[in-house]
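In case you want the letters, here they are:
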Amino acid sequence: MALAHLRSGLHHGARGAPSGPPLPRPIPGRQDAQHLHSRSVRCHVLNPATGAVQALPESPAAEHVNRVNLRDPYTFFALGRVSSTGDYKVLRMFNRLGFAKGGHQLFEVFTINGGDAHARWRGQQSPGLFVDECSGVVVDGVVYFLTSRAYDGARYGIRADYIVSFDLGREEWRRDLRGPISSKVGSASSYMRHHLTLAELKGSLVLADRRHQPFTLDLWFLVDSESGHWVKEYHILTGPTISRPVLVDESFKPLLLLDDGRLVVYVGTRGQLFIQDPGTDNFARVYMGLLDSVSVYTGNLLSGG
């Protein structure tokens, strides 16, 4: 089976040129990991090499039948490959309202190539904290999330770089992971969630720390998940190098490290792609229209295996 992507409903590829209802918003991932969140419960898995499309069941897991409003769902999907078995699995989350409004987040897993015995959604426990579905990223068969932005501030005592993760192979939540920022600052409210994003670069989990005064972007790579050891490999100046003034809440999402060391970044608040040169700290805009979302595929489309 070739590496696959997820598709839900119809997709807006560029702003101003819709191809259907604005349902999904894919989140960048590698060839074996793709995210999207949508107001639709429909999900399809696409094999880019063969063009084959598999529609996943819309009905929720048996445990969640009476807890999901299928007429108005808000769903998140993540696709990852379990290296030990070769299985492709999808994590689905139903996200309702948020904890401050008495809502809930329900999680389910589906095995793409598991045969008839696994051709159903299986309900999973929640992690105990509300997660920010927009922050999700898959690295080596594990889905990582930052916690909900509603936890910002010292009131809840949850630090901004607190990370929860779901192991697709074992189908269970793993030990929570402390990010590199909170280990260096004393106050839980010193950093806000909108400063931080998660990414996958060079096969590693990366925490991107977007600061202002001065405007910089630090990329922290997780070296050892067991010990929680992080290394800052990039310190990038962003303010003076982009054509218009950088806003405090700009959303910088690292997408891809090129072979020559340049970094491809998606600025979601502008719908634009930039390529950053670490030698000069300059950002060059990629002129391809305004994008609602961007995802990365690094597989070989000529291979059907």
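- With an unreviewed UniProt entry as reference, the protein is termed F-box associated beta-propeller type 3 domain-containing protein, source organism Sorghum bicolor.

**Here's the deal with the confidence of the model for the protein**
Next, step 1: For the protein, mean pLDDT is 76; residues scoring 70 or higher make up 71% of the total.
Next, step 2: Confidence scores differ between elements of the protein, with strand β2 (residues 25-27) showing the lowest mean pLDDT of 36 and strand β13 (residues 172-173) the highest of 95.
Next, step 3: Considering only residues more than four positions removed or in separate chains, one finds that residues 9-37, a stretch of pLDDT under 50, has 110 contacts.

**Describing the pairing of strand β7 (residues 88-96)**
Next, step 1: The buried fraction of β7 amounts to eight of the nine residues, a majority that puts the element mostly inside the structure.
Next, step 2: One ladder, built from seven bridges, connects strand β6 (residues 75-81) with β7; its direction is antiparallel. Following the sheet pairing, Phe77 is matched in β7 by Arg92.
Next, step 3: Count of turn residues in the β6/β7 antiparallel hairpin: six residues, of which Gly86 carries a positive phi of about 80°.
Next, step 4: Here β7 pairs with strand β8 (residues 104-111) via eight bridges, running antiparallel. Bridging from a neighbouring strand, Lys89 pairs with Thr111 of β8.

**Remarks on unusual backbone geometry**
For residues that are not glycine, phi is negative in most cases, and the peptide bond is trans in most cases.
Next, step 1: The phi dihedral of Asp140 is positive, around 50°, even though this residue is not glycine.
Next, step 2: With respect to the helices and strands, the residue Asp140 is situated in the loop between β10 (137-139) and β11 (142-146).
Next, step 3: Of the residues examined, Asp140 reaches a relative accessible area of 58% and is grouped as exposed.
Next, step 4: The backbone phi angle of Lys202 is positive, close to 55°, even though this residue is not glycine.
Next, step 5: On the secondary structure map, Lys202 appears in the loop between β15 (196-201) and β16 (204-211).

**Quick look at the pairing of β15**
Next, step 1: In terms of burial, β15 is a largely internal element, six of the six residues being buried.
Next, step 2: Of the two faces of β15, the one holding Leu196, Leu198 and Glu200 and the one holding Thr197, Ala199 and Leu201 are both buried throughout.
Next, step 3: As paired strands, β15 and β16 are joined by six bridges and run antiparallel to one another. What sits directly across from Glu200, in β16, is Leu205.
Next, step 4: Joining the antiparallel neighbours β15 and β16 is a turn of two residues, in which Lys202 adopts a positive phi near 55°.

**A word on the pattern of salt bridges**
Next, step 1: Under the counting rule described, the total for this entry stands at seven salt bridges.
Next, step 2: With a shortest N-O distance of 3.9 Å, Arg170 and Glu172 are connected by a salt bridge.
Next, step 3: A cluster of three or more residues bridged by salt bridges with shared partners is formed by Lys89, Arg122 and Glu171.

Definitions and limits used
- Residues numbered from 1 in each chain as written.
- Predicted model: local features only at pLDDT ≥ 70, side-chain atom pairs only at ≥ 80, totals over all residues.
- Heavy atoms only, no water.
- pLDDT = per-residue confidence, 0-100.
- Helix = DSSP H or I, 4+ residues; strand = E, 2+ residues; numbered from the N terminus.
- Contact = heavy atoms within 4.5 Å.
- Buried < 20%, exposed > 50% of the residue type's maximum accessible area, 1.4 Å probe, protein only.
- Pairing = 2+ DSSP bridges.
- Salt bridge = Lys/Arg side-chain N within 4 Å of Asp/Glu carboxyl O.

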